[in-house]
Amino acid sequence: MIKRKKCLAMLLAGGQGSRLMPLTEDIAKPAVPFGARYRIIDFPLSNCLNSGIDTVGVLTQYRPMELNDYLGMGEPWDLNRRFGGLHTLPPYQTGQRSDWFKGTANAIYQHIVFIKRYDPEYVLILSGDHIYKMNYDLMLQEHIKNHADCTIAVIDVDPKEASRFGIMNTDDRGRILEFEEKPAHPKSTQASMGVYIFSTDVLIKYLQEDEADPDSSNDFGKDIIPKMLNENRRMFAYLYKGYWRDVGTLASYWSANMDAIGMDPSEEERLILNDPGWRIYYRHMLNEPQFLGNTADVTNSIMGSGCEINGKVEHSVLFDNVDVDEGAEIKDSVILSGAKIHAGAKVEYSIVAEDVEIKNNCRVGGAQSDGNLTIIARDITVPEGTAVQPGEIVTADKMKNK
Amino acid sequence: MDAAGIILADTGAVDVPELIRKRTLAAIPFGARYRLIDFTLSNMTNSGISSVGMVAREKYQSLMGHTGAGAVWDLERKRGGLTFLPPFSTEQNVNGLKRSRYNALLENESYLRRVKEKYILITSCTPVMNVDYNKMLQFHEAHNARMTIMYTTRPMNAQDGIARTWMDVDRDGRVLGIDITRQGKLGGHCAVGAFMMDREDLLDIMDSYHGQKNLSFRKDVAPALIEEGGVWAYGVDEIALYLDTLPGYLASSLSLLRSDVRQALFHSENGPVITKVSDSAPTHYGPHANVTNSLIADGAVIEGNVSNSIIFRGVHIGKDAIVSNSVVMQDSTVSDGARLNYAVLDKAVYINSDRILSGYITHPFFCKRDDRI
């Protein structure tokens, strides 16, 4: 019987996702729905399954209930195993201390015991806020071939945007010479994706040293990686080619959802969800197929199950159980599960969260060309005839004041 | 609920040779993402039945592939759960056994002895319904019945000329007579293929026939019980969709486009219809899609025109294709410019560009699995 794992994944899922508010008001960012039927965390978890990684620790901290429910025993991702599988790893108390996760490195540090149980040769560190399809095994092969201590996945970004990212400067063999966090004058366009592979012994050594350092902020990007570079460890960049988006802001979240509808074939890197060779797995709800009525007019959109559509839907992403009544119009919008859009209502360039009800003849948002994204938070009822101005973020408190 | 369920996967009063050529009756795809077994298993699990035996005699590969160990219905259990009951062939019984409910139970007598529930519910997978068996059990107990047979007051699309069980029922619900006929209407109560008995009583009755084979519940067991007044008819108002011929299958499929039928089947307070998951992508509607009055499953890609139709998972409808009044099953492709009217496409059918296929509601055009046109 196999008593150890070759590679184990640690998925950082505890972040607050404050820039995605109000979508992250009640749920952790990785549990935020994406692409008509998925949640963000389905992407790294499915990548693990598709890459042959069967042991994943999910580090949770911020509002974990819905995320925990969603993960369950990990069966949607074939992670319900006797040896290995999915484990949710929250912060915990001991006799000596009781701490929240102080930073990404501290989160892993607190769960070194978990890593040691599976005694892996390599540890893959992932974050739960990116949409991408990546074969981690190819990266692992590179890591092994390079005899690396650490391999960092990078993506080629637009030179104009490079100063928004952590940038790796490498030699021609990919060895990292320098790492700059959000440099004003970037020397390269290789941005870190927040995906790391460490050889386990090196990882544990640096985590322990980092924990012992009172001046450290216990963060991989700020502390561990720079320290390893200083000490001249073998660190390599692994260039990933393909669709990759950080969905950390409302605007980027909206735009990645639009990419999920289908991107122009001329684009080099496209997000393709309907891909039997690299499925994205998810936990299913028990919904019947969608029904489009006699007055339905749906174009250029993707839709989850259980929807009942009698109105017009154009270039939008509709999640499960969305109802669009006759005479209602949805354009350039993301409508999350259970939302009801009543007759005569018009929703444009908006994100409408779960179980929102937009009553008759409301006007929500404005043209996408004007650039003001409108958000309606979870469970809100927008009363008949209300006009929600473009760019407004409607939360429960704001609704009361109206 | 103190009852075990027996599902007779290939028993039912149907005449759909097209659809069961390579699958058992219970595995017939229906309603864009289901198979018939889903409705029966969901009814059982929603009613709180946690021991289910599934009897299938042949062509049960697709059925087994679909149900697996029953996990999605919460039937993968240590106690009870889903038990697959394939033919129990011995030298004695392998030849010449008629397909009857009685023979099916006789072959699986050991399962009937093994389960511990007080009652046993025996059902086939047609017609399609969403019902609560708890209420049937209450009725059974309240009338101190030896056998309770379910009928519906709302049959839909039942086709003429199919042999069905009709019951003559008195004002209180006691069954006075039973008849199997293609003409129908002995008292107007049509059984829906589900009946309930006390498990021990059923075993005693089977014992009393001393292993005699080729008996029939309807012809042998029930009449004897009717004689002593022990058979009761339990009526439900739930819609029952019959799919006993190909036109009936098409008509019942298209009935799902009625909101009252969808409500009765998918939003019933009895519970949801549960099916195996396939991790399909969301349904994609292209820039020129034009879909009205249709039921569309996940994983479908629609670029053309669809009206009054049922579209299964993974189906691709090409640009300028026109699909009306049709059922297109899983993974089939209707290429650009092709036209279908009153057609039933089985799984993985490929219709080339600009082909025109048309049938009529009474005579649907059928393409069998893997056909290329």
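Reading the values: the criteria
- Residues numbered from 1 in each chain as written.
- Chains lettered and ligands numbered in written order.
- Predicted model: local features only at pLDDT ≥ 70, side-chain atom pairs only at ≥ 80, totals over all residues.
- Heavy atoms only, no water.
- Helix = DSSP H or I, 4+ residues; strand = E, 2+ residues; numbered from the N terminus.
- Rg over C-alpha atoms; globule rule 2.2 N^0.38 Å.
- Contact = heavy atoms within 4.5 Å.
- Areas by Shrake-Rupley, 256 points an atom, 1.4 Å probe, with all protein chains shown as cover.
- Lys, Arg positive; Asp, Glu negative; His and termini not counted.
- Charge placed at Lys NZ, Arg CZ, Asp CG, Glu CD.
- Buried < 20%, exposed > 50% of the residue type's maximum accessible area, 1.4 Å probe, protein only.
- Pairing = 2+ DSSP bridges.
- Right-handed = clockwise from strand over helix to strand, strands pointing away.
- 1 Å grid on protein atoms, 1.4 Å probe; cavity = no way out; pocket = protein on both sides within 12 Å on 5 of 7 lines; lining within 4 Å.
- Points joined across faces, edges and corners; volume = space filled by probe spheres on them.
- Core = buried A, V, L, I, M, F, W, Y, C linked by side-chain atoms within 4.5 Å.
- Axes fitted to C-alpha atoms, helices over the stretch in contact; angles between N-to-C directions.
- Buried area = accessible area lost by both parts, 1.4 Å probe.
- Salt bridge = Lys/Arg side-chain N within 4 Å of Asp/Glu carboxyl O.
- Arc of directions from axis to C-beta.
- Phe/Tyr/Trp six-rings, centres within 6.5 Å; stacked < 30°, edge-to-face > 60°.
- Lys NZ or Arg CZ within 6 Å of the ring centre and 35° of its normal.

A. Here's a closer look at the overall build of chain A. Regarding its fold elements, chain A presents 9 helices and 31 strands. The C-alpha atoms of chain A give 22 Å as radius of gyration, which agrees with the globular expectation for 402 residues (21 Å, within 12%). Projecting the C-alpha coordinates of chain A onto the three principal axes gives extents of approximately 65 × 45 × 45 Å. Considering only intrachain contacts with a sequence separation of at least 6, the fraction spanning at least 24 residues in chain A is 57%. Of the roughly 16,900 Å² of accessible surface on chain A, a fraction of 45% belongs to carbon and sulfur atoms. Taken together, the 43 basic and 58 acidic charged side chains of chain A have centroids lying 5 Å from each other.

B. Focus on the overall build of chain B. Along chain B, the regular secondary structure elements total 9 helices and 26 strands. Radius of gyration (C-alpha) of chain B: 21 Å, near the 21 Å computed for a compact globule of 373 residues. The principal-axis extents of the C-alpha atoms in chain B amount to approximately 65 × 45 × 40 Å. Per-residue burial for chain B yields a buried fraction of 60% across its 373 residues. For chain B, the share of sequence-separated contacts (at least 6 apart) that also reach a separation of at least 24 residues comes to 59%. Counting only carbon and sulfur atoms, one obtains 45% of the accessible surface of chain B, whose full area is about 14,900 Å². Of the side chains in chain B, 40 bear a positive and 42 a negative charge, and the two mean positions are spaced by 4 Å.

C. A look at the pairing of strand β5 (residues 85-89) of chain A. Residue and element names in this part refer to chain A. Within β5, 4 of the 5 residues are buried, which leaves the element mostly enclosed by the surrounding structure. Where strand β4 (residues 55-59) lies against β5, 5 bridges are found, and the strand directions are parallel. By the bridge assignment for β5, T55 is matched with G85. Remark: the β4/helix α2 (residues 65-71)/β5 crossover connection has right-handed handedness.

D. Structural context of the side chain of T181 of chain B. Residues and elements named next belong to chain B. As for its placement among the helices and strands, T181 is situated in strand β9 (residues 175-181). For T181, a relative accessible area of 14% corresponds to the buried category. Sequence-distant contacts of T181, defined by excluding residues within four places in its chain, comprise I162, A163, R164 and W166.

E. Region of the structure containing the layout of surface pockets. Residues and elements named next belong to chain B. Taken as a whole, the second largest pocket spans an internal volume of roughly 1,100 Å³. T11, G12, A13, R101 and R218 are, among the 49 residues lining the second largest pocket, the residues nearest its centre. Mapped onto the lining of the second largest pocket, the elements with two or more residues apiece are α3 (101-107), β7 (147-156), β8 (164-169), β9, β10 (189-198) and α7 (217-227).

F. Region of the structure containing unusual backbone geometry. P22 of chain A follows M21 of chain A through a cis peptide bond whose omega is 5°. On the secondary structure map, P22 of chain A appears in the loop between β1 (7-12) and β2 (33-34). The linkage connecting T126 of chain B with the following residue, P127 of chain B, adopts the cis geometry, with an omega of -10°. Here P127 of chain B shows up in the loop between β6 (119-124) and α5 (133-142). Positioned with a positive phi, D78 of chain A is a non-glycine residue whose angle comes to about 55°. Among the structural elements, D78 of chain A can be located in the loop between α2 and β5. Judged by relative accessible area, which is 43%, D78 of chain A ranks as partly exposed. Of note in the backbone geometry, D355 of chain A takes a positive phi value of approximately 55° without being a glycine.

G. Expanded view of the nonpolar core. Among the nonpolar cores identified, the biggest contains 123 residues, and I309 and I358 of chain A together with Y249, I302 and I311 of chain B are the most heavily contacted of them. Those residues in contact with I311 of chain B that sit more than four places away from it in its chain are A32, L295, I296, A297, A300, I302, V306, I317, V323 and V328 of chain B. Residues A13, A31, M134 and L271 of chain A belong to the second largest nonpolar core, which totals 77 residues.

H. Summary view of the sheet that holds strand β15 (residues 297-299) of chain A. Residue and element names in this part refer to chain A. Reading across the sheet, the 6 strands line up as β15-β18-β21-β24-β27-β30 and stay open at both edges, with parallel pairing between neighbours. Only two strands of the sheet have a single partner each, and these edge strands are β15 and β30 (387-388). Relative to strand β18 (residues 312-314), β15 runs parallel, the two sharing 3 bridges. Pairing of T299 across the sheet is with E314, part of β18.

I. Looking closely at the sheet that holds strand β22 (residues 339-341) of chain B. All names here are of chain B. Taking strand neighbours across the sheet as the criterion, the 5 strands line up as β13-β16-β19-β22-β25 in an open arrangement whose pairing is parallel. In the strand order of this sheet, the two ends are held by β13 (290-292) and β25 (356-358), each with one partner. Recorded for the sheet is a direction-independent mean angle of 5° between the axes of neighbouring strands. Here strand β16 (residues 305-307) runs beside strand β19 (residues 322-324); their pairing, made up of 3 bridges, is parallel. From the neighbouring strand, N305 faces β19, where its bridge partner is I322.

J. Structural view of the interface of chain B and chain A. Tallying the contact residues gives 32 residues for chain B and 30 residues for chain A. Between chain B and chain A, a total of about 2,600 Å² is buried, with carbon and sulfur atoms accounting for 50% of that surface. On the chain B side of the interface with chain A, the three residues burying the most area are D279, P282 and Y285 of chain B, jointly 26% of the side's total. The tally of links between chain B and chain A comes to 2 salt bridges. D298 of chain B serves as the salt-bridge partner of R37 of chain A, at 3.0 Å between the closest nitrogen and oxygen.

K. Local environment of helix α9 (residues 259-266) of chain B. Taken together, the buried positions of α9 of chain B are V261, R262, L265 and F266 of chain B. Looking straight down α9 of chain B, one finds its buried side chains confined to an arc of 100°; they lie on one side.

L. Examining the packing of aromatic side chains more closely. Residue and element names in this part refer to chain A. What the rule picks out here adds up to 25 aromatic pairs over all chains. Their ring planes at 70° and their centres at 6.5 Å tell us that F34 and Y253 sit as a pair that is edge-to-face. Of this pair, F34 sits in strand β2 while Y253 sits in helix α8 (residues 250-261), placing them 219 residues apart in sequence. The class for F34 is buried, based on a relative accessible area of 0%. Look at Y253 and you get buried, because its relative accessible area is 0%. Through successive ring pairs, a cluster of aromatic residues spans F34, Y38, F43, Y253 and Y282. Taking the ring centre of Y70 as reference, the NZ or CZ of R39 above it sits at 4.7 Å.

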